[in-house]
Amino acid sequence: MKLSFLIQKEFIQMFRNSFLPRLIIIFPVVTVCIIPWVMTMEVKDVKVQVVDNDHSTTSQRLIQRISASDYFVFAGKANSYGEAMQDIGRGITDVILEIPNNYERDLVNGSKPQVLISANASNAIKGAMGSSYLSQIAIGNITPETNEQQLRMTIIDLYNNNLNYKVFMIPALIGTLLMLLCGFLPALNIVGEKEKGTIEQINVTPVSKWEFIFAKLIPYWLVGMLVITLCLLLSWAVYGITSQGNVGLIYALSLLLALFFSGLGLVISNYSDTMQQAVFVMWFFVVVMILMSGMFTPVRSMPIWAQTLDSVNPMHYFMDAIRTVFVRGGGAQSIAVPAMRLGIIAILVDIWAVISYRKNQ
């Protein structure tokens, strides 16, 4: 009975803040509607300059293929390789394609002429992807007879046929929103009460630690579920993207992640005396968890020591599980292991939150 009144008190306190209800609605809307457009690893508009030393019909066909590609911006022809390198230094072009002398003749004779591709790798992703796209076009620019005999290839993209990066990012944004709303807000709530002195009024009451902590967490768990619903609706309404798997599994995984981050926020608030201290400590853990979660780069591409550290990163298990459900349409059996590990970490952190809370603080 006391718990229900405490939860009611938290909601009253939440809605008395004119900014917080707006944040809970506006933040997910802005994140889902804007971030997937800008947070993409797909490389486009790579500026390409060509040094054509052959001036043949075949070399012209290669240049036309580059110009027609959606991934490149044709930056014109250079008279020499040195001139093109100067343009890279001035930022006029990103990739140079040098076509050798006798390019067409060697293709007709069955030889393998070498085409030079030079990429500005100061931006490693743009340089690597740009040179990879360009090499595929160069390989495809062979005579029809050779193409038919040597190049028989069929590519099938599973789970994401249109290679839409938004399908990959929306589940990750769900985890980020839960982390911020269910982690930061409870921590700042408690530390704010410490600074105002109102928490002392709770400490002198017969309210148990469990009741106090659940009263602080349950409202933000409900907020988290509301945010998940809003994200799924926006994903369908704005992008036409829906979960390939059971939506109930997404809610279950989201609840486990909310349990962890709300517990982590309470642990940090128990050891913090000011909002500034709580924000800096929370942000430290948040940044590390996000960067190591596999949100942007595959975990298996990380060093061995980083993969070992990821074994205690709940965001890594959440990203793996929710993408399995949302993108691949996996069932409960396919996410059992990461969900179990996420749940164990969440329970341990919540127990720590209860133990570390002191009513005489």
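Keep in mind the model is a prediction, meaning the values are calculated, not measured.

Engineer: Could you give me a rundown of the packing of helix α2 (residues 20-38) against helix α8 (residues 165-196), with the residues and numbers involved?
Structural biologist: It is at 10 Å that the axes of α2 and α8 come closest, and there the two elements cross at 155 degrees. As judged from the angle between their axes, α2 and α8 are roughly antiparallel. At the point where α2 passes α8, the crossing takes the right-handed sense. For the pair α2 and α8, contact is made by L20, F27, P28, T31, V32, I35, P36 and W37 and by K166, I170, L173, L177, L180, L181 and L185, respectively. Split by residue class, the contact of α2 with α8 holds 13 nonpolar, one polar and one charged.

Engineer: Could you give an account of the confidence of the model for the chain, naming the residues involved and the relevant values?
Structural biologist: Summing up the model confidence of the chain, the mean pLDDT is 82 and the portion of residues at 70 or higher is 91%. For the chain, helix α7 (residues 144-150) is the element with the lowest average pLDDT, namely 47, and helix α14 (residues 314-326) is the one with the highest, namely 91. With pLDDT under 50 throughout, residues 143-151 is counted as low confidence; its partners more than four residues away or in other chains account for two contacts.

Engineer: Talk me through the environment of A278; I want residue IDs and the actual numbers.
Structural biologist: Relative to the elements of secondary structure, A278 occurs in helix α12 (residues 275-291). Residue A278 is classed as buried on the basis of its relative accessible area, which comes to 2%. Along the primary structure A278 and R300 are separated by 22 residues, whereas in three dimensions their C-alpha atoms are 32 Å apart. Setting aside chain neighbours within four positions, we find A278 in contact with V191, I268 and S272.

Rules behind the numbers
Residues numbered from 1 in each chain as written. Predicted model: local features only at pLDDT ≥ 70, side-chain atom pairs only at ≥ 80, totals over all residues. Heavy atoms only, no water. Axes fitted to C-alpha atoms, helices over the stretch in contact; angles between N-to-C directions. Helix = DSSP H or I, 4+ residues; strand = E, 2+ residues; numbered from the N terminus. Parallel < 35°, antiparallel > 145°, perpendicular 65-115°, else oblique. Left-handed = near helix turned anticlockwise from the far one by under 90°. Contact = heavy atoms within 4.5 Å. Nonpolar A, V, L, I, M, F, W, Y, C, P; charged D, E, K, R; others polar. pLDDT = per-residue confidence, 0-100. Buried < 20%, exposed > 50% of the residue type's maximum accessible area, 1.4 Å probe, protein only.

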